[in-house]
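Chain and residue survey
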Amino acid sequence: MASNAAVPFWRAAGMTYITYSNICANLVRNCLKEPYKTEALSREKVHFSISKWTDGKPEKPTIRSDSPEE
Amino acid sequence: MLRRASMLLACRPILAARARPFSTDLPAAPSADATFTEAWTKVIPNMDPPKTPLSFMQPRPPTPSSIPSKLTVNFVLPYASELATKEVDMVIVPATTGQMGVLPGHVATIAELKPGVLSVHEGSEMTKYFISSGFVFIHANSFADIIAVEAVPLDRLDVNLVQKGLAEFTSKLSSATTDLEKAEAQIGIDVHSALNSALTG
């Protein structure tokens, strides 16, 4: 990819916008004062279940909750 | 109010005569799906066509030919709608290119936001929020849509946590090895210094 446009530093390091935005949001949430902080952390928990499919049949699903950004 | 009414009467014939010179000058959006209903009645003339999402939405107001006196702001977060079609005098958004003031009649713009302070000015009152990141879409009809992932009023931020975070990420930057770690540390520094200047400035 020729970087002829001025790419932001996080994209140059291989991060996508969504990852960048989620990291920023998490940092802001961690700086909240106490009652708001616990509300915010409980609000932003992520739960999803993934099942891989082989031969047209789903395998056993794995549940992932609140996976941190990689 | 009488002034607005006479403005609307005056601009209606002008809108009809003008032939859409710029793509940013939009006429009012239709409130019913004409092509869908025609196709439906051709195939199934006996049943009423179902409503499409377009009929549930409010139609987009047209671009008035004279600048409106108020900016209509929709400020939304993933979990709540902070401001919904609120009429204000001005908003100042923290765009990546700097603090941008948006007044009624602003040219249609899409701007990415950086972590910073959003201030909404209505009459003599001003409300400030700290935004983590997001976008602002300003339409030609003086509607502004501000979308942010996280927005908090400034009094909910803890100054000690902010300064601790800033020190922590500054040290992480100097000890970072890979590009990704450096980027993360840099993001931490940017966000915390923006928080710091929002709380102290």
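Numbers given to residues run from 1 along each chain, matching the order in which its sequence is written. Labels follow written order: the first chain is A, the first ligand is 1, and so on. Local features are withheld for residues below a pLDDT of 70 in this predicted model, meaning they are given only at 70 or higher, and side-chain atom pairs are given and counted only at 80 or more; totals for whole chains, interfaces and linings count all residues. No hydrogens and no water enter the side-chain calculation; it runs on all heavy atoms of the structure.

**Details of the state of the cysteines**
Residues and elements named next belong to chain A. Disulfides are defined as cysteine sulfur pairs within 2.5 Å. One pass over the structure, following the stated rule, counts zero disulfides over all chains. A disulfide-free cysteine, Cys24 has its sulfur positioned 12 Å from the sulfur of Cys31, the nearest such atom. Throughout, exposure labels follow a simple rule: accessible area from a 1.4 Å probe, protein chains only, divided by the maximum for the residue type, with under 20% read as buried, over 50% as exposed, and the rest as partly exposed. By relative accessible area, which is 2% here, Cys31 ends up buried.

**Considering helix 4 (residues 159-175) of chain B**
All names here are of chain B. Spanning 17 residues, helix 4 covers 25 Å between terminal C-alpha atoms, matching the ideal 24 Å at 1.5 Å per step. Each helix is a run of DSSP H or I of at least 4 residues and each strand a run of E of at least 2, with the numbering of both proceeding from the N terminus. Taken residue by residue, helix 4 has Val162, Gly165, Leu166 and Phe169 as its buried positions. One face of helix 4 carries all of its buried residues, which in axial projection span an arc of 105 degrees. Opposite the buried face of helix 4, at more than 90 degrees from it, the exposed residues are Asn160, Lys164, Ser174 and Ser175. Multiplying 1.5 Å by the helix residue count minus one yields the expected span of that helix. To obtain the arc, one takes the directions from the helix axis to the C-beta atoms.

**Some remarks on the nonpolar core**
For our purposes a nonpolar core is just a set of buried Ala, Val, Leu, Ile, Met, Phe, Trp, Tyr and Cys residues, chained together by side-chain atoms within 4.5 Å. Residues Met15 and Tyr20 of chain A together with Phe130, Leu157, Ile187, Val191 and Leu195 of chain B are the most contacted members of the largest nonpolar core, which totals 27 residues. For this core, the elements supplying multiple residues, two or more each, are helix 2 (17-30) of chain A together with helix 4 and helix 5 (179-200) of chain B. Ranked by residues supplied to this core, first place goes to helix 5 of chain B with seven residues. The residue makeup of this core includes at least three contributed by each of domain 1 (68-156) and domain 2 (159-200) of chain B. Ranked by size, the runner-up nonpolar core spans 23 residues in total, among them Leu71, Ile131, Ile138 and Ala151 of chain B. Those domain boundaries reflect an automatic or database domain assignment.

**Section: the domain arrangement of chain B**
Residues and elements named next belong to chain B. Per the domain assignment, the segments of chain B are domain 1 (68-156) and domain 2 (159-200). Here the C-alpha centroids of domain 1 and domain 2 sit 25 Å apart. In this assembly, four residues from domain 1 lie in contact with five residues from domain 2. As used here, buried area is the combined drop in accessible area, with a 1.4 Å probe, of two parts when they are placed together. Interface of domain 1 and domain 2: buried area, both sides summed, is about 390 Å²; carbon and sulfur atoms make up 85% of it. A per-residue breakdown of the area domain 1 buries against domain 2 is headed by Pro115, Phe130 and Leu154, which together make up 88% of the total. Salt bridge, as used here, is a side-chain nitrogen of Lys or Arg placed within 4 Å of a carboxyl oxygen of Asp or Glu. At the surface where domain 1 touches domain 2, the tally comes to zero salt bridges. Looking at the side of domain 1 that touches domain 2 residue by residue, the classes come out as four nonpolar, no polar and no charged. Contact definition: two residues touch when any of their heavy atoms are within 4.5 Å. Residues are grouped as follows: Ala, Val, Leu, Ile, Met, Phe, Trp, Tyr, Cys and Pro are nonpolar; Asp, Glu, Lys and Arg are charged; every other residue, Gly included, is polar.

**Regarding the pattern of salt bridges**
All names here are of chain B. Taken as a whole, this structure holds four salt bridges over all chains when the rule is applied. Between Lys70 and Glu122 there is a salt bridge, with the nearest N and O atoms lying 3.2 Å from each other. Within this pair, whereas Lys70 is found in the loop between helix 3 (53-56) and strand 1 (71-76), its partner Glu122 is found in strand 6 (residues 116-122), the two being separated by 52 residues in sequence. Linking Lys172 and Glu168 is a salt bridge whose minimum nitrogen-to-oxygen distance equals 3.7 Å. Residue Lys172 and its partner Glu168 are located together in helix 4, separated by four residues, close to a single helical turn.

**Focus on the packing of aromatic side chains**
Within a pair of aromatic rings, the relevant descriptors are the distance that separates the centres and the angle that separates the planes. Paired rings are identified among Phe, Tyr and Trp, the last through its six-membered ring, by centres lying within 6.5 Å, and are further divided according to the angle between planes into stacked (under 30 degrees), edge-to-face (over 60) and tilted (the rest). Tallied over the entire structure, the rule returns seven aromatic pairs over all chains. Between Tyr17 of chain A and Phe135 of chain B the ring centres are 5.3 Å apart and the planes differ by 50 degrees, which places this aromatic pair in the tilted class. With one member in each of two chains, Tyr17 of chain A in helix 2 and Phe135 of chain B in strand 8 (residues 134-138) form a pair that bridges those chains. Its relative accessible area of 17% is what places Tyr17 of chain A among the buried residues. Given the relative accessible area of 27%, Phe135 of chain B is considered partly exposed. Look at Phe75 of chain B and Tyr129 of chain B: their rings are 5.2 Å apart centre to centre, the planes differ by 70 degrees, and that puts the pair in the edge-to-face class.

**Quick word on the interface of chain A and chain B**
At the interface, 21 residues of chain A touch 29 residues of chain B. Both faces combined, the contact of chain A with chain B buries some 2300 Å², and carbon together with sulfur accounts for 72% of it. Where chain A touches chain B, the interface holds one salt bridge. Its salt-bridge partner being Arg29 of chain A, residue Glu150 of chain B comes within 2.6 Å of it at the nearest N-O pair. Nitrogen and oxygen atoms within 3.5 Å of one another constitute a polar contact, given that in protein one can donate a hydrogen and the other can accept it, and given that sequence-neighbouring residues count only through two side-chain atoms. Viewed at the interface, chain B and chain A are joined by five residue pairs in polar contact (both at pLDDT 80 or more). Of all the secondary-structure elements, those providing two or more residues to the side of chain A that touches chain B are helix 1 (9-12), helix 2 and helix 3 (34-43) of chain A. In terms of residue count, the dominant contributor to the side of chain A that touches chain B is helix 2 of chain A (ten residues). In terms of residue class, the side of chain A that touches chain B is made up of 14 nonpolar, two polar and five charged.

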